[in-house]
Amino acid sequence: MRAAYLVSYDITDPKRWRKVYKTLHGFGDPVQYSVFICELSEADKVRMAAKLDGLIHHDDDQVLIVDLGPSPGRADQCVKALGRPYQPRERRPIVV
C-alpha cells in the first residue's frame, strides 16, 4: 500500500540542495520551496531515504520525512493551506 509523505529539507550548500531537489523530484511533487509531497510504497520510501542519506552532510543538513497516512485515505485531508489553496497534482502515467 502506498502512503503519502511530506518531505521537507534544509540544506546548507547550494550544490547539495540541487542534488536533493533533483532526487526528490524523482519521488514526488514540489509543493513549496524545499517541501515535497511523495506517494510511496515502503520500498520506495527506503530507497528515497537511502539516496538522501548519501547526499546530505549529517552535521549541517536536515531532511524531515513525515508520514501522512495511506494515500487514498487520511492523507487527502492532512494538508491544510492558508492563502492560496493547495491543489494536489494529478499523476498520470506517461507512455513513451
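Residues numbered from 1 in each chain as written. Predicted model: local features only at pLDDT ≥ 70, side-chain atom pairs only at ≥ 80, totals over all residues. Heavy atoms only, no water.

Would you explain the sheet that holds strand β3 (residues 35-40) in this entry?
What holds strands together in a sheet is hydrogen bonding between their backbones, with the strands either parallel or antiparallel. Ordered by their spatial adjacency, four strands build an open sheet running β2-β3-β1-β4, and the pairing between neighbours is antiparallel. The open sheet has two free edges, formed respectively by β2 (29-32) and β4 (62-70), since each of these has just one partner strand. Strand-to-strand twist of the sheet, defined as the mean angle between neighbouring strand axes without regard to direction, takes the value 25°. One ladder, built from eight bridges, connects strand β1 (residues 3-10) with β4; its direction is antiparallel. Pairing of Y9 across the sheet is with V63, part of β4. Along the sheet, helix α1 (residues 14-25) makes contact with β1, β2 and β3, crossing β1 at roughly 170°. Sheet strands in contact with helix α2 (residues 42-55) are β1, β3 and β4, and its direction is about 140° off that of β3. (Pairing = 2+ DSSP bridges. Helix = DSSP H or I, 4+ residues; strand = E, 2+ residues; numbered from the N terminus. Axes fitted to C-alpha atoms, helices over the stretch in contact; angles between N-to-C directions. Contact = heavy atoms within 4.5 Å.)

I keep staring at the pattern of salt bridges and nothing clicks. Help me out?
For side chains bearing opposite charge, pairing can occur when the charged atoms are close. Per the counting criterion, the structure on display carries four salt bridges. Of the charged contacts, one joins R16 and D61 as a salt bridge, the two residues approaching to 2.8 Å between their closest N and O atoms. A residue pair is termed long-range when its members are at least 10 positions apart, and R16 in helix α1 and D61 in the loop between α2 and β4 qualify at 45 residues. For R16, a relative accessible area of 12% puts it in the buried group. For D61, a relative accessible area of 8% puts it in the buried group. Here the salt bridges do not stand alone but share partners, grouping R2, D44 and R47 into one network. (Salt bridge = Lys/Arg side-chain N within 4 Å of Asp/Glu carboxyl O. Buried < 20%, exposed > 50% of the residue type's maximum accessible area, 1.4 Å probe, protein only.)

Explain the environment of E39 here, please?
Position of E39 among the secondary structure elements: in strand β3. We classify E39 as partly exposed; its relative accessible area is 36%. Between the C-alpha atom of E39 and that of P70, which follows or precedes it by 31 residues, the distance is 8.7 Å. Once residues lying within four places of it in the same chain are set aside, the contact partners of E39 are R2, A3, A4, F27 and S71.

What am I meant to see in the pairing of β1 here?
On any regular strand, side chains alternate: one points to one face of the sheet, the next to the other face. Note: β1 against β3, six bridges, orientation antiparallel. Note on β3: the bridge partner recorded for A3 is L40.

Help me out: how do you make sense of the packing of aromatic side chains in this one?
Aromatic ring pairs are reported here in terms of the distance separating the ring centres and the angle at which the planes meet. Evaluation of the coordinates by the stated rule reveals five aromatic pairs. Aromatic pair Y9 and F36: ring centres 6.2 Å apart, planes at 35°, arrangement tilted. On the criterion of sequence distance, the pair formed by Y9 in strand β1 and F36 in strand β3 is long-range, its members being 27 residues apart. Both residues of the pair, Y9 and F36, count as buried. Measuring from ring centre to ring centre gives 5.6 Å for W17 and Y33, while their planes differ by 25°; the resulting arrangement is stacked. Placement of W17 in helix α1 and of Y33 in the loop between β2 and β3 is noted, with a sequence separation of 16 residues between them. A relative accessible area of 68% places Y33 in the exposed class. Ring pairs connect the aromatic residues Y9, W17, Y21, Y33 and F36, which therefore count as one cluster. (Phe/Tyr/Trp six-rings, centres within 6.5 Å; stacked < 30°, edge-to-face > 60°.)

Purely spatial values, then, with no claim about function.
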